[in-house]
Amino acid sequence: MSHTTTGIEPAQPPPEDDRAFFGQPRGLMTLSGLEVWERFSFLGMQAILVLYFADTVANGGLAMDPGTAASVSAAYGTLVYLVSVAGGWLADRILGSYRAVLYGGILIAFGHYAMAVPTATMTWVGLGLISAGTGLLKPNVASMVGKLYRTEDERRDAGFALYYMAINIGAFAGPLITGWLGDHAGWHWGFSAAAFGMTLGLIQYVLGRRHLAGRKHAAEFALAPKPMRRAVLTIVAGAVLVAVVATALALAGWLTMDRFVDVLTVISVIAPVVYFVVMFRSPRVTAEERGRLRPYVVLFLASVVFNFILFQAYSTMMLLASTNARTEIFGFHFPASWYASALGAFEVALAPVVAAVWARMGPRQPHASNKIAFGVILGGLSFLLMVLPTSGHADDSYKMAAWWIVGSYLLLGLGDVLLETSGMSATTKLAPKAFASQTMALWFLSLALANGIQAQIVKLYGEVSNPAYFGVNGAVAVVAGVAVIAAAPWLKRTMHPVH
């Protein structure tokens, strides 16, 4: 059902002669600029979050033991991606993409400003606001990029490549600034830099809004007025109820931090199971589409395994770097959190190289399932590499060379480029038509589940030896990748039209 309002412009992409931004529509500059600053703030904060949790109270930290610090950090990631599933629905049905992204950015900025206040209470308030804001912003920016192009516009793939590069530029720059401030001025100064970055992103987003296709539109599939009022009231009442119950349980001593983490893990497991059951049983899904869902379950699980490793780049790897890695290269000293910037730098550098290799190979390039499998194996190897410098020491006072961490992140960055691009493409092609608008929700659920599992496994960090921790987790990932390769003949038969 379509809804029109007098005076509202049609949601048409800009004309194809709009090539003001490297041959792309001007709106791409607005959205890419927003993503640079959003990733700057999000990953800049995440690079120092686990270090802040684990640092002593005297140094401005929360004095958590390493395993708990990594677990809470992972639980925060779980919450972000679970909320992202709801964020896509809110944009489709109530807010519209432009307003969802704007309101999400505002919540993120307020969250970072809250975390700049040096109290534990404001830290938790800030993380809650950032989770809600990222859930609104993240799933909807990519859909707005797509609206800049007509279906037949050949610039689309190049535009998304520029957008992807902007994400990684932010991922590279964020930890450099927040890490230096956190190390030299205090953790909350680092959080302040994240807040400032998100504010800059919002300003340029609003200033460039006239270049965004359909920005004045309401939700694309808006609910009718009566159901919309009922939905809004239900959401508000549900949020208030959850807040009241959570507060009561916390005051009663039942809802501890460990139990909250456990609840999020359980939800991250149940949500994708329910989602797949609904799709498999839906009468709107044809038998042919149901057949394509089966191989997608394999790829979904491969994504979970890889991202379980990837997300630890900002948790256990940060903790290892802060305690057992040298923080100098060629005589230049740097904060341990700067290692996180290496991941973004490698992805910026490797993405065009990988794209060029696939283009050169043409029809001889590996099947999408094998690309994903290679990504998972590289993720596992990045952890197995850490077994070498962490082995054979009498105590934990050793310091490994910086190149070990950098090498691990090189493998991880290449794996991420291989898996994310192929995985997202496969998701859009294999999802049933009746669920096409919810394909991003499926992908975010794989990220939520990866974080949910991580929130439990990282509790072992510091309890078992580092070689055992990184060796076992890395080996599991390699075995999972090899299993996907072994299933390649079946996957190729059942994944049509994915090649």
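Residues numbered from 1 in each chain as written. Predicted model: local features only at pLDDT ≥ 70, side-chain atom pairs only at ≥ 80, totals over all residues. Heavy atoms only, no water.

Each helix and strand counted, the protein has 17 helices and two strands in total. When contacts within the protein are restricted to residue pairs at least 6 apart in sequence, those whose partners lie at least 24 apart make up 82%. (Helix = DSSP H or I, 4+ residues; strand = E, 2+ residues; numbered from the N terminus. Contact = heavy atoms within 4.5 Å.)

What follows is about helix 1 (residues 26–54). Residue pairs spaced three or four apart in an α-helix point in one direction, given the helix's 3.6 residues per turn. Between the first and last C-alpha of helix 1 there are 43 Å, a value that for 29 residues agrees with the 42 Å anticipated at 1.5 Å per step. Counted residue by residue, helix 1 has 24 buried out of 29 residues, so it is predominantly covered. (Expected span 1.5 Å × (residues − 1). Buried < 20%, exposed > 50% of the residue type's maximum accessible area, 1.4 Å probe, protein only.)

All right, on to the nonpolar core then. M45, L49, Y339, I405 and Y409 are the most contacted members of the largest nonpolar core, which has 92 residues in total. In this structure L49 touches S73, Y76, M115, L127 and F191, once residues within four positions along its chain are discounted. Y98, V101, A109 and Y205 belong to the second largest nonpolar core, which has 20 residues in total. (Core = buried A, V, L, I, M, F, W, Y, C linked by side-chain atoms within 4.5 Å.)

Within the secondary structure layout, D55 lies in the loop between helix 1 and helix 2 (66–95). Of the side chains bearing the opposite charge, K399 lies closest to the buried D55, which forms no salt bridge; the N-O distance is 13 Å. A distance of 3.4 Å separates the side chain of D55 from the side chain of N59, its partner in a polar contact. (Lys, Arg positive; Asp, Glu negative; His and termini not counted. Salt bridge = Lys/Arg side-chain N within 4 Å of Asp/Glu carboxyl O. Polar contact = N/O pair within 3.5 Å; in protein donor to acceptor, adjacent residues only side chain to side chain.)

Here the focus is the packing of aromatic side chains. Scanning the model with the defined rule gives 19 aromatic pairs in all. A ring pair is formed by Y81 and F444, whose centres lie 5.9 Å apart and whose planes are at 25°; its orientation type is stacked. Taken as a pair, Y81 in helix 2 and F444 in helix 15 (residues 439–457) lie far apart in primary sequence, 363 residues in all. The exposure classification of Y81 matches that of F444, with both residues buried. Here a set of aromatic residues connected by ring pairs shows up, and it is made of Y52, F53, W124 and F191. (Phe/Tyr/Trp six-rings, centres within 6.5 Å; stacked < 30°, edge-to-face > 60°.)

On to the environment of P175. One can find P175 in helix 5 (residues 156–184). Expressed as a C-alpha distance, the spacing of P175 and Y339, which sit 164 residues apart in the sequence, is 8.2 Å. Excluding its chain neighbours within four sequence positions, the residues that come into contact with P175 are L43, G44, A47, G170, W180, S337, W338, A340 and S341.

Attention shifts here to the confidence of the model for the protein. On average, the protein scores 84 in pLDDT, and the residues at 70 or more come to 89%. At the level of individual helices and strands, the protein shows its lowest average pLDDT in strand 1 (residues 328–329), which scores 82, and its highest in helix 16 (residues 466–486), which scores 95. Throughout residues 1–10 the model reports pLDDT below 50, and contacts reaching past four residues in sequence, or to other chains, amount to eight contacts. (pLDDT = per-residue confidence, 0-100.)

A few words on the pattern of salt bridges. Side chains carrying opposite charge are able to pair once their charged atoms draw close together. All chains considered together, the criterion is met by four salt bridges. In this structure, D262 and K459 form a salt bridge, with 3.2 Å as the shortest nitrogen-oxygen distance. One end of the pair, D262, is in helix 8 (residues 257–281); the other, K459, is in the loop between helix 15 and helix 16, with 197 residues separating them in the sequence. Here K459 falls in the partly exposed class, since its relative accessible area comes to 28%.

Another point: the environment of A74. One can find A74 in helix 2. Judged by its relative accessible area of 1%, A74 falls in the buried class. Considered as a pair, A74 and V261 are 187 residues apart in the sequence and their alpha carbons are 8.7 Å apart.

Here we come to the packing of helix 1 against helix 4 (residues 120–146). Contact pair helix 1 / helix 4: the axes reach a minimum separation of 11 Å and the direction vectors enclose 150°. When the axes of helix 1 and helix 4 are compared, the pair comes out roughly antiparallel. Once helix 1 is placed against helix 4, the crossing between them reads as left-handed. Contacts between helix 1 and helix 4 pair L28, L31, L34, E35, E38, R39, F42, M45, L49, Y52 and F53 from the former with T123, W124, L127, I130, T134, L137, K138, V141, M144 and V145 from the latter. (Axes fitted to C-alpha atoms, helices over the stretch in contact; angles between N-to-C directions. Parallel < 35°, antiparallel > 145°, perpendicular 65-115°, else oblique. Left-handed = near helix turned anticlockwise from the far one by under 90°.)

Mapped onto the elements of the fold, N307 is located in helix 9 (residues 287–310). Residue N307 is classed as buried on the basis of its relative accessible area of 1%. Considering only alpha carbons, one finds N307 and N451, 144 residues apart in sequence, at a separation of 7.7 Å. Apart from residues no more than four positions distant in its own chain, N307 is found in contact with L419, E420, L447 and A450.

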